[in-house]
Amino acid sequence: MKKTVQIFSMLLIALTVMVSCKKDTDPADKDFFVGTYKGTVSYRNGETTINSSDGKVTVSKVGETYNFYFGSNIPDITGVKFEKTGDNSYVSVGSGLTGISIDASNLKILVVKDGQTWTANCTR
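Read on for an overview of the structure. (Residues numbered from 1 in each chain as written. Predicted model: local features only at pLDDT ≥ 70, side-chain atom pairs only at ≥ 80, totals over all residues. Heavy atoms only, no water.)

**Some words on the side chain of Ser52**
Structurally, Ser52 is set in strand E2 (residues 48-62). When its relative accessible area of 12% is taken as the criterion, Ser52 is described as buried. Within polar-contact distance, the side chain of Ser52 engages the side chain of Asp54 at 3.2 Å. Here Gly55 takes part through its backbone nitrogen, which lies 3.2 Å from a polar atom of the side chain of Ser52. Beyond its immediate sequence surroundings of up to four residues, Ser52 is in contact with Gly39, Thr40, Val41 and Ser72. (Helix = DSSP H or I, 4+ residues; strand = E, 2+ residues; numbered from the N terminus. Buried < 20%, exposed > 50% of the residue type's maximum accessible area, 1.4 Å probe, protein only. Polar contact = N/O pair within 3.5 Å; in protein donor to acceptor, adjacent residues only side chain to side chain. Contact = heavy atoms within 4.5 Å.)

Here it is as structure tokens:
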């Protein structure tokens, strides 16, 4: 009986270890920077300038691209692609939409396109 209990205990411990040691996944694979960032945002288009020290930027993912929604009557930036630059840090790539860097806690934007300028220095 003692030997049966010992074998059962060893099997239970082995099963617990196998279940608890599942494959680790990179947080970047989980879209960890999708969400809302708060901080300073601004937009300029010719004579129009919008500044907000308590602004927010909401980041969403659609397929392989990301969208940035500003609020405060600031036009959105959509269709942005990213390239990994370090441990879970990304920068935007592509025509006209470079100048965005993002990670799990920081968002920095300086995008100049078609006479418009967007800036953001936000955290979450």
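**Section: the pairing of strand E3 (residues 65-69)**
Counting buried positions along E3 gives four out of five residues, so the element sits mostly inside the fold. Bridge count for E2 against E3 is five bridges, and the pairing is antiparallel. Considered in E3, the bridge of Thr58 is made with Tyr69. Two successive antiparallel strands, E2 and E3, enclose a turn made up of two residues, where Gly63 displays a positive phi of approximately 65 degrees. One ladder, built from two bridges, connects E3 with strand E4 (residues 77-86); its direction is antiparallel. Opposite Phe68, over in E4, you have Ile77 as the bridge partner. (Pairing = 2+ DSSP bridges.)

**Overview of the sheet that holds strand E6 (residues 100-102)**
On the basis of which strands lie adjacent, the closed barrel formed by eight strands has the order E1-E2-E3-E4-E5-E6-E7-E8 and antiparallel pairing. Between one strand axis and the next, the sheet turns by 30 degrees as a mean value, whatever way the strands run. Note that E4 and strand E5 (residues 89-93) share five bridges and pair antiparallel. Residue Glu83 lies in a different strand from E5, and its bridge partner there is Val91. (Axes fitted to C-alpha atoms, helices over the stretch in contact; angles between N-to-C directions.)

**A short note on the packing of aromatic side chains**
The geometry of two aromatic rings is summed up by the distance between their centres and the angle between their planes. Taken as a whole and judged by the stated rule, the model has six aromatic pairs. Considering the side-chain rings of Phe33 and Tyr90, the 5.4 Å spacing of their centres and the 55 degrees angle between planes classify their relative orientation as tilted. Of the two residues, Phe33 sits in the loop between helix H1 (2-20) and strand E1 (35-45) while Tyr90 sits in strand E5, which places them 57 residues apart along the sequence. Through a chain of ring-to-ring contacts, three or more aromatic side chains come together here, namely Phe33, Tyr66, Phe68, Phe82 and Tyr90. (Phe/Tyr/Trp six-rings, centres within 6.5 Å; stacked < 30°, edge-to-face > 60°.)

**Some words on the pairing of E1**
Direction of pairing for E1 relative to E2: antiparallel, over a ladder of ten bridges. Each bridged residue has a counterpart across the sheet, and for Val41 the counterpart in E2 is Ser52. For E1 and strand E8 (residues 116-123), the ladder comprises eight bridges, and the chain directions are antiparallel. Its bridge partner being in E8, Asn45 is matched across the sheet by Gln116.

**Considerations on the environment of Asn73**
Looking at the element boundaries, Asn73 is found in the loop between E3 and E4. Spatially, the C-alpha atoms of Asn73 and Tyr43 are 9.2 Å apart, while their sequence positions differ by 30 residues.

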